[in-house]
Amino acid sequence: MARTCQADDALEKQFEALLKQQAGPEVGLLVGKHATGAKALLYGTIKTPSQEQLEPIVVAGGAGPPAGGQAARRRAGGPAAGGGGAAVSLEVEWITEHARQVARMLPGGLSVLGLYVFCPEAAYSVAAPQLCALLAGLAAACLSPTGTATTAAGDAAAAAGGDAQQQQQHQQPYLLLLHIDSTSRKQALRALPVSTSVSTASASASVSSLRPVELKFAPTLGSLVLLRCWHGVDLALPVPTAGAAGGGGGGEGGSGAQLRRQLAALVAAESERIRCGVFVAAGGSVPAESAQVGEALSCPSGSGSGSSGPLHVPTFDLTFLAPPRCLEPQPHTSAEAAGAPASQSQTQQAAGLVAVGQARLRGCLQGLAFVGKREAVGRAVADLKADLLASLSARLDLLVEEAARVSEQLQEEGQQQEGQQGATAAAAVHPLLSAPTQLGGAAGRCGGCDVALPRRVLLPWLGGGLALCDYLLEGEPSEAAAERARELLALQAEKGCQVVVEHEMPPAAAAAAGPWQPNVVAGEGLQGGGKAAGASSAASLSSRLSCGVTMAASLAVAAVASAVGLLSLLGQPAGQQPQ
């Protein structure tokens, strides 16, 4: 658990401005990084905005006048009253949802550290139990399930030879609670031990569990660098039979649940590739995990380092070499499954492999991680790998949410047309949630769809010292990300800084403006034999060429670097030609 927290000096001026303005009660998120040892780094805050004219925190009674007037009625959390007549109401559901959305928009190396509250001391004393319960509920969304954000401190304690009790305290996940007293101008920071398990989330959520944390202000953003990499994704999602898909109905009850299970399996398989991947620096060498980032990635010539456009932070581009995928099971048609042995057919049905088509999910992901110059390379690349996996999961979640939304919209339009025309029409759903008969056309034909993964855009933050992220679906303009940034993050166009920075370009065949619709693949192209099968194989081969060429080039660079190093060890100059 953190004992000290180093906050950026710009936050001290921000808190002083709040006190001078005598603003009303305010609640928001603390964004920073869990550093090694019992230390946390705080970079910035994000205020929880009002929703539908409802303020996230309302203070009334003896603590001061209520904020938000009659529109600031309580919707969740309920009022907490104390002696002195003070009453505090928190919009728990909205604060939790806002924290979940912000956590999904954070790049690698950054996380939600906790909450800050700006209110009088009397109101804080009343709301402290509510705030502790709220922090416990945020643990599942703000802390990594693997514990990568909190195990670094435990590893450091173990390496230093600390006792078992000290190591257990360092490894205990925690969230911070910062109270800024609007009357006495005092600032108190406390840490609350939490659990990522939903069942035990509120077990230790009590005021007595809060531990004091020393708060210091010093420049912190200047010690950060940005690591970037690219990773190609080309996933095949089987389109199950009507029985496996739950009848092919849209929404979350049938095929939606099946789709989520299949995507979870794809993410698990891709996470193994990412975990086993290797990063190669600009010079063709693999940096040692124990070396510091600033020393291992420094380039004497200056190539590979520099500011990344609107982001005023040193940037290093790394080459990510991931192992090839294992042999992916090809979709089995119903006839092939019928001809297979009974045990094999049952196994395929249990694993969800009996399919009549497939959906191709393709994209090139950019990994980002803000790390300290003095951090170990091992932890820095772990943050970069975690960002790749978190970004892939966020994109797939968006696809599922968009598929459910489009399916519901199409079903409502179909019901309206059916009522107007008086004819029975088949319910139209999104291609990812369609039944095989709807997706392929006529019964008995294989079909599928080719889906481009949502692309990530950057939202410069804190004057370009950091960046947040957002995702755009196919055909969605960048203005949509700018609008969400204004609503959720209160980000405005700063002088000399763009609101949205696009590095991931849309597909060559961009979709037309309007609602997002994937391109439907011809059903005959997915059949298992004949001329169409050859065309499908050629298309599949061409779809993998871009990632294959990139990997081949990366392997060639690594091989040349290894050969040069071997020749240097043997005493032969690298540039000498054999006689």
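This section reports on the structure supplied with the text. (Residues numbered from 1 in each chain as written. Predicted model: local features only at pLDDT ≥ 70, side-chain atom pairs only at ≥ 80, totals over all residues. Heavy atoms only, no water.)

### Here's the deal with the sheet that holds strand β19 (residues 466-472)
Thinking step 1. The sheet built from three strands is open, its strands ordered β19-β18-β20 with antiparallel pairing. In this open sheet, the two strands that pair with only one neighbour each are β19 and β20 (501-502).
Thinking step 2. Strand direction decides the pairing type here: strand β18 (residues 455-461) and β20, joined by two bridges, are antiparallel. Along β20, the bridge assignment pairs Leu458 with Val501.
Thinking step 3. Across the face of the sheet, helix α12 (residues 478-489) comes into contact with β18, β19 and β20 while running at roughly 125 degrees to β19. (Pairing = 2+ DSSP bridges. Helix = DSSP H or I, 4+ residues; strand = E, 2+ residues; numbered from the N terminus. Contact = heavy atoms within 4.5 Å. Axes fitted to C-alpha atoms, helices over the stretch in contact; angles between N-to-C directions.)

### A look at the environment of Val112
Thinking step 1. With respect to the helices and strands, the residue Val112 is situated in strand β7 (residues 111-119).
Thinking step 2. Remark: the alpha-carbon pair of Val112 and His34, spanning 78 residues in sequence, is separated by 9.6 Å.
Thinking step 3. Residues contacting Val112, with those up to four places away along its chain left out, are Leu29, Leu30, Ala99, Val102, Ala103, Leu106, Cys142 and Leu175.

### So, unusual backbone geometry
Thinking step 1. Look at Arg185: it is not a glycine, yet its phi comes out positive at around 65 degrees.
Thinking step 2. Here Arg185 lies in the loop between β8 (174-181) and β9 (187-193).
Thinking step 3. Although it is not a glycine, Leu462 sits at a positive phi angle of roughly 55 degrees.
Thinking step 4. Of note, Leu462 is situated in the loop between β18 and β19.
Thinking step 5. A relative accessible area of 31% means that Leu462 is categorised as partly exposed. (Buried < 20%, exposed > 50% of the residue type's maximum accessible area, 1.4 Å probe, protein only.)

### Thoughts on the sheet that holds strand β2 (residues 26-34)
Thinking step 1. The strand order around the closed barrel built from seven strands is β1-β3-β2-β7-β8-β9-β10, with neighbouring strands paired in mixed fashion. Neighbour-to-neighbour, the strand axes of this sheet turn through a mean angle of 35 degrees, independent of strand direction.
Thinking step 2. Two elements, β2 and β7, share seven bridges in a ladder whose sense is antiparallel. In the sheet register, Val31 faces β7, and the bridge partner there is Val112.
Thinking step 3. Packing of helix α1 (residues 9-21) onto the sheet brings it into contact with β1 (4-7), β2, β3 (39-47), β7, β8, β9 and β10 (211-217), and relative to β3 it is tilted by some 45 degrees.

### So, helix α2 (residues 92-104)
Thinking step 1. Compared with the 18 Å implied by 1.5 Å per residue over 13 residues, the 19 Å span of α2 between its first and last C-alpha is a close match.
Thinking step 2. Its buried side turned inward, α2 meets β2, β3, β6 (87-90), β7, α3 (121-142) and α12. (Expected span 1.5 Å × (residues − 1).)

### Remarks on the state of the cysteines
Thinking step 1. One pass over the full model with this rule turns up zero disulfides.
Thinking step 2. You can see Cys229 has no disulfide; the closest cysteine sulfur is in Cys364, sitting 9.5 Å from it.
Thinking step 3. Residue Cys229 is classed as buried on the basis of its relative accessible area of 1%. (Disulfide = S-S within 2.5 Å.)

### Let's talk about the nonpolar core
Thinking step 1. In terms of nonpolar packing, the biggest core is built from 64 residues, with Leu115, Leu177, Leu459, Leu466, Leu468 and Leu489 touching the most fellow members.
Thinking step 2. Looking at which element gives the most residues to this core, the answer is α3, with 11 residues.
Thinking step 3. Sequence-distant contacts of Leu466, that is, excluding residues within four places in its chain, are made with Tyr43, Leu110, Leu221, Leu224, Leu311, Phe370, Leu459, Pro460 and Trp461.
Thinking step 4. Ranked by size, the runner-up nonpolar core spans 36 residues in total, among them Leu259, Val267, Ile274 and Val293. (Core = buried A, V, L, I, M, F, W, Y, C linked by side-chain atoms within 4.5 Å.)

Any functional reading would require information beyond the geometric quantities listed.
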